[in-house]
Amino acid sequence: MSAKPLSPVDVCSHDVYEQGLPHEAFARLRREMPVAWHDEPGDNAGFWAVTRWADLVAVHRDHETFSSQVGGTELEELERDPEAREARRTMLETDPPEHTRLRRMVSRNFTRRSIDRWTDDAREIMARVLNEALHGANGAGAEVEFVSAVARGLPILMISRILGVPEGDTAGLFEWADRIIYHADPDYSEAVFDKEDTDPYRLLPFRSPASERVFAYAQQLADTKRRHPADDVVSLLVAADELSPQNFNTLFLLLVIAGNETTRHALNHGALALAERPDELARLRTDPDLLTAAVEEVLRYASPQIHFRRTAVADTEIAGVPVAAGDKVVTWYLSANYDEEVFPDPYTLDLGRDPNRHVTFGGGGPHFCLGSWLARLEVRVFLEELLGRNLHLEVCGEVTRVRSNFINGLKRLPLRLTPG
Ligand code: HEM
């Protein structure tokens, strides 16, 4: 261990992210120690922090050396608890060839072409959500808490329609999803991951008791779809009848969480960035041809997923640094998306940025985000609505952040929305 280059900064404390993004720490790591050994508190063994774009891409593309299955994709060391690892495993924590089989069950519903068919739905939902948020706005505009009033609605309602979750069930289901994914934030979590004894929940995703409620809901929905099949993903899975109840439950939970939590924060960070940079929004208004580039830039700038983890299964090296079989390797999307070697002036929102090879959805390889086209569609219709309504955005209160080193989340974003 002593020969390992020890990280000079802490990039995995949940508290750090509650205060703000540790961009300076990441920049220092990229510059001085792009593959740094990072000790962890408690019993965890520590990990290699991979912070440069090129190294993240190399790790993600080499799934034979860097396994998602051996220890899972979170910092929690599931290799020490094979029972929990198996109970919680989804396609995300499965290596090929089994991963390929699991992903194929749903992949055709999330291709670019399949998602294009949902464009009208996305526009209708976004318009409805914004109409509600702007209801009663006068000449001075409407003051809204953007996270709950706007950004939550679109991703939740879209993934619900695609899965076949009735609209009336969405609120409860997605409140549980928040409790699960924000497991280190006492404002959401029933068992705060790094502060309470979560061992009783070790077999549940994110060690969250709320996972059990999502599983119960998933089974109930499956029963309904068995009796009344429709044109949706849950009906498709039920008809295929290839998954055990446990695998069905964890896949449903993965889709509910992945399809909702990250995209919400892409919209939040996009709105915040545009409130801070009205000149960029004006630029987009005068040149709507920038829309596709703007979507990609919002996704880069937002970087909603902070990290994922792999485990080396053979002795290897990353950028010349020896990595031993069994070592944890953590790739930091939030850092790679701001790597000045790849993104000139990375901290500046540039809606015309081209090329923009962001790794918001992963660096390539088998686990590249299944929902990337859906997320792009949602960011796009949001920007379209901003342009169509000539909305002006202004921060009008304190912005607060989620306590999480995993999701780059905003908790509260008070914005004044003024239609032009
Ligand atoms: C801005 C929004 C989103 C972000 C930032 C995001 C990010 C990611 C990342 C970083 C990965 C892992 C990539 C890798 O390890 O190579 C991933 C995987 C995944 N995402 Fe997304 N995602 C977003 C939206 C969505 C949506 C809307 C869905 C809905 C279906 C979704 C479903 C998934 C699934 C199922 C996986 C696992 C794929 C696999 O293991 O094969 N994501 N996402």
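These figures come from a predicted structure and were not determined experimentally. Numbering of residues begins from 1 in every chain and follows the order in which that chain's sequence is written. Residues qualify for local features only when their pLDDT is at least 70, as the model is predicted, and side-chain atom pairs are given and counted only at 80 or more; totals for whole chains, interfaces and linings, by contrast, use all residues. The side-chain figures draw on all heavy atoms in the structure; neither hydrogens nor water molecules are used.

Focus on the pattern of salt bridges
When charged atoms on two side chains of opposite charge get close, those side chains can pair.
Piece 1. By salt bridge we mean one thing: a side-chain nitrogen of Lys or Arg within 4 Å of a carboxyl oxygen of Asp or Glu. For the coordinates displayed, the defined rule picks out 45 salt bridges.
Piece 2. A salt bridge links Glu-384 to Arg-123; its shortest N-O distance comes to 3.0 Å. Highlighted residues: Glu-384 in helix H18 (residues 372–388) and Arg-123 in helix H7 (residues 119–134), separated in sequence by 261 residues.
Piece 3. Via salt bridges that share partners, Glu-74, Glu-76, Arg-88, Asp-199 and Arg-207 belong to a single interconnected network. Comment: elements are numbered from the N terminus, with helices defined as DSSP H or I runs of at least four residues and strands as E runs of at least two.

A look at the coordination of the iron atom of the ligand
Piece 1. Note on donors: an N, O or S atom is included if it sits within 2.8 Å of the metal, or within 3.2 Å for Na, K and Ca, and water is never included, so sites can look incomplete. Of all protein atoms, just one serves as a donor to the iron atom of the ligand, and that atom is Cys-369 (SG), at 2.3 Å.
Piece 2. When you line up the elements, Cys-369 lands in the loop between helix H17 (333–336) and H18.

A word on the pairing of strand E1 (residues 35–38)
Piece 1. Accessible area is worked out with a 1.4 Å probe on protein chains only. A residue is then buried under 20% of its type maximum, exposed over 50%, and partly exposed in between. Neither face of E1 is open: one carries Val-35 and Trp-37, the other Ala-36 and His-38, and all of them are buried.
Piece 2. Two strands form a pair only when DSSP identifies at least two bridges running between them. As defined by bridge partners, E1 adjoins strand E2 (residues 47–50) across four bridges and the pair is classed as antiparallel. Directly across from His-38, in E2, lies its bridge partner Phe-47.

Notes on the packing of aromatic side chains
Piece 1. Aromatic rings from Phe, Tyr and Trp, with only the six-membered ring used for Trp, were paired whenever their centres fell within 6.5 Å, and each pair was classed as stacked if the ring planes differed by under 30 degrees, edge-to-face if by over 60, and tilted otherwise. All told, the structure shown has 13 aromatic pairs when counted by the stated rule.
Piece 2. Ring centres 6.1 Å apart and planes at 50 degrees place the aromatic pair Tyr-301 and Tyr-338 in the tilted group. Of this pair, Tyr-301 sits in helix H16 (residues 291–302) while Tyr-338 sits in the loop between H17 and H18, and the two are 37 residues apart along the sequence.
Piece 3. Within the aromatic cluster, the residues linked to one another by ring pairs are Phe-206, Phe-308, Tyr-333 and Phe-406.
Piece 4. Only Lys NZ and Arg CZ are tested; either one counts as a charge over a ring when it is within 6 Å of the ring centre and within 35 degrees of the ring normal. A cation over an aromatic ring shows up here: Arg-300 above the ring of Tyr-338, its NZ or CZ 5.0 Å from the ring centre.
Piece 5. Directly above the aromatic system of Trp-373 lies the positively charged group of Arg-376, at a separation of 4.5 Å from the ring centroid.

Brief notes about the site of the ligand
Piece 1. In the vicinity of the ligand lie 30 residues, with His-99, Arg-103, Arg-310, His-367 and Cys-369 positioned nearest.
Piece 2. Any N or O atom pair separated by 3.5 Å or less is treated as a polar contact, with the protein-specific requirement of one donor-capable and one acceptor-capable atom, and with residues adjacent in sequence counted only for side-chain atom pairs. At 3.5 Å, a side-chain N or O of His-60 approaches an oxygen atom of the ligand.
Piece 3. Within the contact set of the ligand, an oxygen atom lies 2.7 Å away from a side-chain nitrogen or oxygen of His-367.
Piece 4. At the level of secondary structure, the elements contributing two or more residues to the shell around the ligand comprise helix H5 (98–107), helix H13 (245–258), helix H14 (261–276), strand E5 (307–312) and H18.
Piece 5. The biggest single contributor to the shell around the ligand is H13, with three residues.
Piece 6. Split by residue class, the shell around the ligand holds 18 nonpolar, ten polar and two charged. Proximity criterion: a residue is near a molecule or strand once any of its heavy atoms comes within 4 Å of it. In the scheme used here, Gly and all other residues not listed as nonpolar or charged are polar, with Ala, Val, Leu, Ile, Met, Phe, Trp, Tyr, Cys and Pro taken as nonpolar and Asp, Glu, Lys and Arg as charged.

Overview of the side chain of Glu-76
Piece 1. Along the polypeptide, Glu-76 turns up in the loop between strand E3 (66–67) and helix H4 (82–88).
Piece 2. A contact between two residues is defined here by any heavy atoms of the two lying within 4.5 Å. Setting aside chain neighbours within four positions, we find Glu-76 in contact with Asn-44, Gly-71, Arg-88, Phe-193, Arg-207 and Arg-309.

Everything listed here is a matter of geometry and, on its own, says nothing about what the molecule does.
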